[in-house]
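One letter stands for each residue in the lines below.
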Amino acid sequence: MTELWDGLVTALKLIVSLNPEVMEIAGRSLAISATSSTIAALICLPLGAVIHSNKFPGKRTLINIVQTLFSLPTVAVGLFVFVLFSRAGPIGGLDIMFTPVVMVIGQVILISPIMLGLTVSALSGVDKTIADTAISLGASGFQTAVITLREARFAVLAGLIMGFGRAISEVGLSLMVGGNIAGFTRTITTTISLETSKGDLELALALGIILIVIALVINLVLNRVQQK
Amino acid sequence: MKRKIIVATLVGLAIASLLASFVGCGGGTNPLAPQERLKIATTTSLYDTGLWGYLEPMFEEEYGVEVDILSAGTGIALEYGMRGDVDVITIHDKAREVQFVADGYGVERVPFAYNYFLIVGPADDPAGIKGLSPEDAFRTLYETGSGSFISRGDDSGTHSKEKAIWASAGYDYEEVRTAGQWYVEAGRGMGATLLMASEMGGYTLTDMGTFLSYKSELELVPIVDEGAILLNVYSVIAVSPESNPNTNIEMANNLVAFLTSPEIQELIGNYGVEEYGMQLFTPCAGAEPTS
């Protein structure tokens, strides 16, 4: 118990003193996950609207598949991305293995199903008469989609934040394709993993606290937005 | 107008990522900047002891290159080398190193330091193996099952050495793996495996360097530390440009020259002596140690 307490005290000191290593690692984690979340959102919002507003054979199956991929194991995505981007792999010529770039690509793959699936289900929660009214008033397909998206904004936002949460908290993928290189691809979660295996719990705890604080801030913001 | 919330969130995320990329990637590590990089895959023992953390800035300063160090077991390091994902590897498994070079993946195997493996365990030595030869110690563990043994189980150099000792003691490794609950496969790096052995009150095979640098965290003492089979040689191998044309062979060769240079050899020999009261690594520039 004293170990945990001492660790917590040291961890708080590291945070309060804005320890450069802790700040650098937390900043990198945020940068990588925010980038991948933005890219995934830019793909999934329009795609979700397209899937929602069109009828096509296999739509139900497609949605089932996307929902199954919510629980895609991070290490499976890691392995897939590794095999793809390793120099011996099919697109190894890009030479981006063990860089933040490949970590972003992996995270986009990892969180896109969540963002896409939740966008589609958010849109299907919208009263259908809204879309019908818009169309009857002469709205184009694009305008109708925008109106529906706007109606569903809270649920859509929750989906985006779920995606971001998964990106910043995952460790398997970052470790496999990022390689946990100090000062380059080392993130909050890979540092926690490394420091724990070294028995240095203070830095690991400090970063664990920061991760929880980030989650808390995101939730507060989300709650705030939903109450408006 | 409330659509602005979503737009604002997206813009916010984008701005956050830009801002954070300045914070996070400061100090010349911006991935988009054209900076010459050298990727090294190393066995965990050279990383966990802090040796690489000590040598890395010196090499970076001398050659003006950004060094990326991937700490992995020897097995993974070899795999990265074969796939061409790294430019140079520092590992400790002679048989597989020789094979790696013979298969055309590596230029040349250059030993640069050595130390010894040892079997560590709880001070009360429940299996009574203190003072035995490594082979006899393993035999006793197997036959009596009276003490648990934590294996790296990760295809690392240390794991290879463990298999070699089992073979030398006359056992088939596959039978050992499944012999009983006393045999535990950790599947983790050396430091993590030592911590596990300490928690479980079991024995494990470790290199001297990692054991010394973790000693203060462990309730383990050296149990068996004598036997010719325990020699542990670290080598550096540049990945061959013939197997992978994109490799940074020039800088990899610089690293080999750096590690075997008299000044760095002296630093390796002195590394940790003050802190641990004994030598972690014995330098052996380019020559195979015999004992």
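## Section: the overall build of chain A
Point 1. Looking only at helices and strands, chain A features eleven helices and zero strands.
Point 2. Put simply, chain A runs from its N terminus to its C terminus through helices and strands in the order α-α-α-α-α-α-α-α-α-α-α.
Point 3. For the C-alpha atoms alone, the extent of chain A along its principal axes is close to 65 × 50 × 25 Å.
Point 4. Across the 228 residues in chain A, those meeting the buried criterion constitute 46%.
Point 5. Of the contacts formed within chain A by residues at least 6 apart in sequence, a portion of 75% connects residues at least 24 apart.

## Considerations on the overall build of chain B
Point 1. Looking only at helices and strands, chain B features 13 helices and ten strands.
Point 2. Within chain B, the fraction of its 291 residues that count as buried is 47%.
Point 3. At a minimum sequence separation of 6, the contacts of chain B that also span at least 24 residues come to 74%.

## A word on unusual backbone geometry
Point 1. One non-glycine residue, Phe-98 of chain A, lies in positive phi territory at about 60 degrees.
Point 2. Along the chain, Phe-98 of chain A turns up in the loop between α4 (74-85) and α5 (100-124).
Point 3. Despite not being glycine, Asp-155 of chain B has its phi angle at roughly 65 degrees, a positive value.
Point 4. With respect to the element layout, Asp-155 of chain B can be found in the loop between β5 (149-151) and α7 (157-168).

## Some points on the packing of helix α10 (residues 188-198) of chain A against helix α11 (residues 201-227) of chain A
Residue and element names in this part refer to chain A.
Point 1. At a closest axis distance of 8 Å, the pairing of α10 and α11 adopts a crossing angle of 155 degrees. When the axis of α10 is compared with that of α11, the two are roughly antiparallel. Seen from above, α10 lies across α11 with left-handed handedness. Residues Ile-188, Thr-191, Ile-192, Glu-195 and Thr-196 of α10 form the contact with α11, whose own contacting residues are Leu-201, Leu-203, Ala-204, Leu-207, Gly-208, Ile-210 and Leu-211.
Point 2. Broken down by class, the residue content of the contact of α10 with α11 amounts to eight nonpolar, three polar and one charged.

## Describing the domain arrangement of chain B
Residues and elements named next belong to chain B.
Point 1. As assigned here, chain B comprises domain 1 (36-114 + 231-283) and domain 2 (116-229).
Point 2. Taken together, the contact between domain 1 and domain 2 spans 20 residues of the former and 17 residues of the latter.
Point 3. Among the elements of the structure, α2 (44-48), α4 (74-83) and β9 (231-238) are those that each provide at least two residues to the side of domain 1 that touches domain 2.
Point 4. Of the residues assigned to the side of domain 1 that touches domain 2, the class counts are six nonpolar, eleven polar and three charged.

## Quick word on the environment of Ser-240 of chain B
Residues and elements named next belong to chain B.
Point 1. Residue position: Ser-240 is located in the loop between β9 and α11 (249-260).
Point 2. Judged by local crowding, Ser-240 falls into the buried class, with 21 C-beta atoms found within 10 Å.
Point 3. Once residues within four sequence positions are removed from consideration, Ser-240 is found in contact with Gly-104, Tyr-105, Gly-106 and Val-107.

## Let's talk about α5 of chain A
Residues and elements named next belong to chain A.
Point 1. Under the 1.5 Å per step criterion, the end-to-end length of α5 is 35 Å for 25 residues, consistent within 8% with the ideal 36 Å.
Point 2. Largest kink in α5: about 40 degrees, centred on Ile-111, with the proline Pro-113 one to four residues after it.
Point 3. Judged by how many residues are buried, α5 sits mostly within the fold: 22 of 25 residues are covered.

## Digging into the confidence of the model for chain A
Point 1. For chain A, per-residue confidence averages 91 on the pLDDT scale, and 99% of positions sit at 70 or higher.
Point 2. When the elements of chain A are averaged for pLDDT, helix α1 (residues 2-16) of chain A gives the smallest value, 83, and α5 of chain A the largest, 96.

## Points about the pairing of strand β7 (residues 204-207) of chain B
All names here are of chain B.
Point 1. Neither face of β7 is open: one carries Thr-204 and Thr-206, the other Leu-205 and Asp-207, and all of them are buried.
Point 2. The pairing of strand β4 (residues 110-121) with β7 spans four bridges and is classified as antiparallel. Directly across from Val-120, in β7, lies its bridge partner Thr-204.

## Digging into the packing of helix α8 (residues 153-169) of chain A against α11 of chain A
Residue and element names in this part refer to chain A.
Point 1. Between α8 and α11, the shortest axis-to-axis distance is 11 Å and the interhelical angle comes to 175 degrees. The orientation of α8 relative to α11 falls into the category roughly antiparallel. Residue-level contacts link Phe-154, Leu-157, Ala-158, Ile-161, Gly-165, Ile-168 and Ser-169 of α8 to Leu-211, Ile-214, Ala-215, Ile-218, Leu-222, Val-225 and Gln-226 of α11.
Point 2. Across the contact of α8 with α11, the residue classes break down as eleven nonpolar, three polar and no charged.

## Remarks on the nonpolar core
Point 1. Formed by 134 residues in total, the largest nonpolar core has its most connected members in Met-115 and Leu-207 of chain A together with Leu-70 and Val-88 of chain B.
Point 2. Composition of this core by domain shows at least three residues from each of domain 1 (36-114 + 231-283) and domain 2 (116-229) of chain B.
Point 3. Not counting the four nearest positions on each side in its chain, Met-115 of chain A is found in contact with Ala-40, Ala-41, Cys-44, Gly-159, Leu-160 and Gly-163 of chain A.

## Here we look at the environment of Ala-95 of chain B
Point 1. Here Ala-95 of chain B lies in helix α5 (residues 94-102).
Point 2. Separated by 171 residues in sequence, Ala-95 of chain B and Glu-266 of chain B have C-alpha atoms that sit 27 Å apart.

## Notes on the confidence of the model for chain B
Residues and elements named next belong to chain B.
Point 1. Looking at chain B as a whole, its pLDDT mean stands at 89, while 88% of the residues score no less than 70.
Point 2. By mean pLDDT, helix α1 (residues 3-24) is the weakest element of chain B at 57, and strand β3 (residues 88-91) is the strongest at 97.
Point 3. For the stretch residues 22-31, pLDDT sits under 50, and the model shows 18 contacts to residues farther than four places along the chain or on other chains.
Point 4. Reported confidence for the predicted complex is 0.80 by ipTM and 0.84 by pTM.

## Some remarks on the pairing of β9 of chain B
Residues and elements named next belong to chain B.
Point 1. Extensive coverage of β9 is indicated by the burial of seven of its eight residues.
Point 2. Bridge analysis of β3 against β9 gives four bridges, and the strand direction is antiparallel. Each residue of the ladder has a partner; that of Thr-90, found in β9, is Val-236.
Point 3. Direction of pairing for β4 relative to β9: antiparallel, over a ladder of six bridges. Among the inter-strand pairings, Pro-111 is bridged to a residue of β9, identified as Ser-235.

## A closer look at α10 of chain A
Point 1. Taking burial as the measure, the eleven residues of α10 of chain A include eight buried ones, the bulk of the element.
Point 2. Restricting attention to buried positions, one finds in α10 of chain A the residues Ile-188, Thr-189, Thr-190, Thr-191, Ile-192, Leu-194, Ser-197 and Lys-198 of chain A.
Point 3. Next to the buried residues of α10 of chain A lie α2 (20-53), α8, α9 (172-178) and α11 of chain A together with α2 and α9 (190-200) of chain B.

Here is what the cut-offs are and how they apply
Each chain has its residues counted from 1, running along the sequence as written. Both sets of labels track the order of writing: A upward for chains, 1 upward for ligands. Totals for whole chains, interfaces and linings use every residue, but because this is a predicted model, local features are given only for residues with pLDDT of at least 70 and side-chain atom pairs only at 80 or more, for both listing and counting. Helix and strand assignments come from DSSP, with helices taken as H or I runs of at least 4 residues and strands as E runs of at least 2, each series counted from the N terminus. Whether a residue is buried, exposed or partly exposed follows from its count of other C-beta atoms within 10 Å of its own C-beta, namely 20 or more, 12 or fewer, or something in between, respectively; the C-beta atoms are built from the backbone. Note on contacts: each residue gets a C-beta atom placed from the backbone, and two residues are in contact if those atoms are within 7 Å. In this description, a line fitted to the C-alpha atoms serves as the axis of each element, helices being fitted only across the stretch in contact, and the angle between N-to-C directions of two axes falls anywhere from 0 to 180 degrees. Roughly parallel covers angles under 35 degrees, roughly antiparallel covers those over 145, roughly perpendicular covers 65 to 115, and oblique covers all other angles. A clockwise turn of the near helix away from the far one marks a right-handed crossing, whereas an anticlockwise turn of less than a right angle marks a left-handed crossing. Classification convention: Asp, Glu, Lys, Arg as charged; Ala, Val, Leu, Ile, Met, Phe, Trp, Tyr, Cys, Pro as nonpolar; all other residues, Gly among them, as polar. Domain limits in this description derive from either an automatic procedure or a database domain assignment. Here a helix's expected span is defined as the number of its residues, less one, multiplied by 1.5 Å. Bend, in this description, refers to the angle at a residue between axes fitted to the seven residues ending there and the seven starting there. The predictor reports its confidence for every residue as pLDDT, a score running from 0 up to 100. Any two strands between which DSSP finds at least two bridges are classified as paired. Any set of buried Ala, Val, Leu, Ile, Met, Phe, Trp, Tyr and Cys residues joined through C-beta atoms within 7 Å is what this text calls a nonpolar core.

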